[in-house]
Amino acid sequence: MKKVLLLAAAVAFSGSSAALAADAVEQIPEAPMAVETVVPTFTWNGGYVGILGGYGWGNGDASVPGLSASDDFDGGRLGGFVGYNWAMASGFVVGLEGDVHYDWNENTYASTDVGTDWGGSVRGRVGYAWDRALLFAAGGWTATNGYIEGPGVDQSETYNGWTLGAGLDYAFTDNMFGRLEYRYNDYGDKNIAGIDTSFDQHVVNVGLAVKF
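Our subject in this report is the structure included herewith. Throughout this document, residue positions are counted from 1 along each chain, in the order its sequence is written. Local features in this predicted model are restricted to residues whose pLDDT is 70 or higher, and side-chain atom pairs enter the listing and the counts only when it is 80 or higher, whereas totals over whole chains, interfaces and linings include all residues. In computing side-chain properties, one takes all heavy atoms of the structure into account and sets aside hydrogens as well as water.

### Focus on the packing of aromatic side chains
To be explicit about the condition: Under the pairing criterion, centres of Phe, Tyr and Trp rings, with the six-membered ring standing for Trp, must be within 6.5 Å; the plane angle then separates stacked pairs below 30 degrees from edge-to-face pairs above 60, leaving the rest tilted. Here a strand is any run of E in DSSP of at least two residues, a helix any run of H or I of at least four, and the numbering for each starts at the N terminus. Only protein chains enter the area calculation, which uses a 1.4 Å probe; residues under 20% of their type maximum are buried, those over 50% are exposed, and those in between are partly exposed. Whether a charge lies above a ring is judged from NZ of Lys or CZ of Arg, which has to be within 6 Å of the ring centre and within 35 degrees of the ring normal.
Applying the stated criterion across every chain, the model contains 14 aromatic pairs. Aromatic side chains Y48 and F177 sit 5.5 Å apart centroid to centroid with 75° between the ring planes, which places their arrangement in the edge-to-face category. Here the residue Y48 occupies a position in strand β1 (residues 46–64), and F177 occupies one in strand β8 (residues 176–192), the gap between them amounting to 129 residues. Owing to a relative accessible area of 2%, Y48 belongs among the buried residues under this scheme. Taken together, F42, W44, Y48, F81 and F177 form an aromatic cluster joined through their ring pairs. Lying across the ring of F81, R179 places its NZ or CZ 4.5 Å from the centre.

Right under this line is the structure:
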């Protein structure tokens, strides 16, 4: 009788141990799945708007029958610009940009003021980006307002010409970048108050822009 009781107890213990072991196996937590961290990469694609300031070194020529003269028209400038970039494969970037600016480059001759003031341009851009640095070249149409103001004369004309330059944009954050650029502007010829004139200009600009 004792042997039977011992055998039954052993069988019951074995069954409960197996059940506990099965429960323990079933309760083992699954290993957490690895989560891949995606680091967003910077892109130059999109629109932007900014402000610019700089300095221009201008040269103006004037002539009437039997007489000609040339002089420097240098001074500061302030303006704004807006544009859009399309980021291409392999780091290439193309874009379109427009700007307006005001130049302070007036000269005075015998109580007569001569200079240019409001101007602007529309330019195509092509560049190559190294992450947050964008080296670019740009060119297109440009215009400026030239004037002669003095005793008995007050006339102005719009000069139209072409512009070509290059520069560097650098993104400080994902939404803000700075700019340093050089431009050459050839505004062509115009007759003002019976005087044949022409104007060209070298410009260095710095800018700060917000990118969308």
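Right, picking up where we left off after that structure.
### As for the layout of surface pockets
Picture a little ball the size of a water molecule; that probe, rolled over the atoms, points out where space is still empty. The cut-off we apply is this: For cavity detection a 1 Å grid was placed over the protein atoms alone, and a set of points counts as a cavity when a 1.4 Å probe fits there but cannot get out; an open set counts as a pocket when protein lies on both sides within 12 Å along at least five of seven lines, with lining residues being those that have an atom within 4 Å of a point. Grid points are joined across faces, edges and corners, and a volume is the space filled by probe spheres set on the points. Lys, Arg, Asp and Glu make up the charged group, whereas Ala, Val, Leu, Ile, Met, Phe, Trp, Tyr, Cys and Pro make up the nonpolar group; the residues left over, Gly among them, are polar.
The volume enclosed by the largest pocket comes to roughly 430 Å³. Together, 24 residues line the largest pocket, and D61, A62, F73, V114 and T197 are the ones closest to its centre. Counting residues per element, the ones that place at least two in the lining of the largest pocket are β1, β2 (67–87), β5 (112–130), β6 (133–150) and β9 (195–211). Partitioning the lining of the largest pocket into residue classes produces 13 nonpolar, 9 polar and 2 charged.

### So, the environment of A137
Our working definition: Here a residue-residue contact requires only that any non-hydrogen atoms of the pair lie within 4.5 Å.
With respect to the secondary-structure elements, A137 resides in strand β6. On the basis of relative accessible area, A137 is assigned to the partly exposed category, the value being 35%. C-alpha of A137 to C-alpha of G167: the two residues are 30 residues apart in sequence and 6.5 Å apart in space. When residues no more than four places from it in sequence are discounted, the contact partners of A137 are G124, R125, V126, G165 and A166.

### Section: the side chain of D99
For clarity, the threshold we go by: Two N or O atoms count as a polar contact when they lie within 3.5 Å, although within protein this holds only if one can serve as hydrogen donor and the other as acceptor, and sequence-adjacent residues are included solely when both atoms are side-chain atoms.
For D99, the location among the structural elements is in strand β3 (residues 92–103). Only 2.3 Å separates the side chain of D99 from the side chain of S121, close enough to count as a polar contact. Residues contacting D99, with those up to four places away along its chain left out, are L52, G80, F81, G119, G120, S121, R123 and R183.

### A few points about the nonpolar core
To be explicit about the condition: Among the buried residues, those of types Ala, Val, Leu, Ile, Met, Phe, Trp, Tyr and Cys that are joined through side-chain atoms within 4.5 Å form a nonpolar core.
Counting residues in hydrophobic clusters, the biggest one holds 11 residues: F42, W44, Y48, L52, F81, V93, A129, L134, A171, F177 and A209. Contact partners of F81, with chain neighbours within four places excluded, come to Y48, V49, G50, I51, L52, E97, G98, D99, R179, G207, L208 and A209. Counting 7 residues, the second largest nonpolar core, distinct from the first, contains F73, V114, I148 and F199.

### Here we look at unusual backbone geometry
Glycine aside, residues mostly have negative phi angles, and peptide bonds mostly take the trans form. One non-glycine residue, S111, adopts positive backbone phi at about 70°. Given a relative accessible area of 55%, S111 falls into the exposed group. Its identity as a non-glycine residue notwithstanding, A193 has a phi of 55°, on the positive side. Here A193 is to be found in the loop between β8 and β9.

### Structural notes on the pairing of strand β7 (residues 153–173)
The cut-off we apply is this: In this analysis, strands are considered paired if DSSP registers two or more bridges between them.
In terms of strand pairing, β6 meets β7 through 18 bridges, oriented antiparallel. Bridge pairing in β7 places F136 opposite G167. Linkage of β6 to β7, two consecutive antiparallel strands, is achieved through a turn of 2 residues, within which G152 is found at a positive phi near 80°. Across 11 bridges, β7 lies against β8 in antiparallel orientation. From the neighbouring strand, A171 faces β8, where its bridge partner is F177. Joining the antiparallel neighbours β7 and β8 is a turn of 2 residues.

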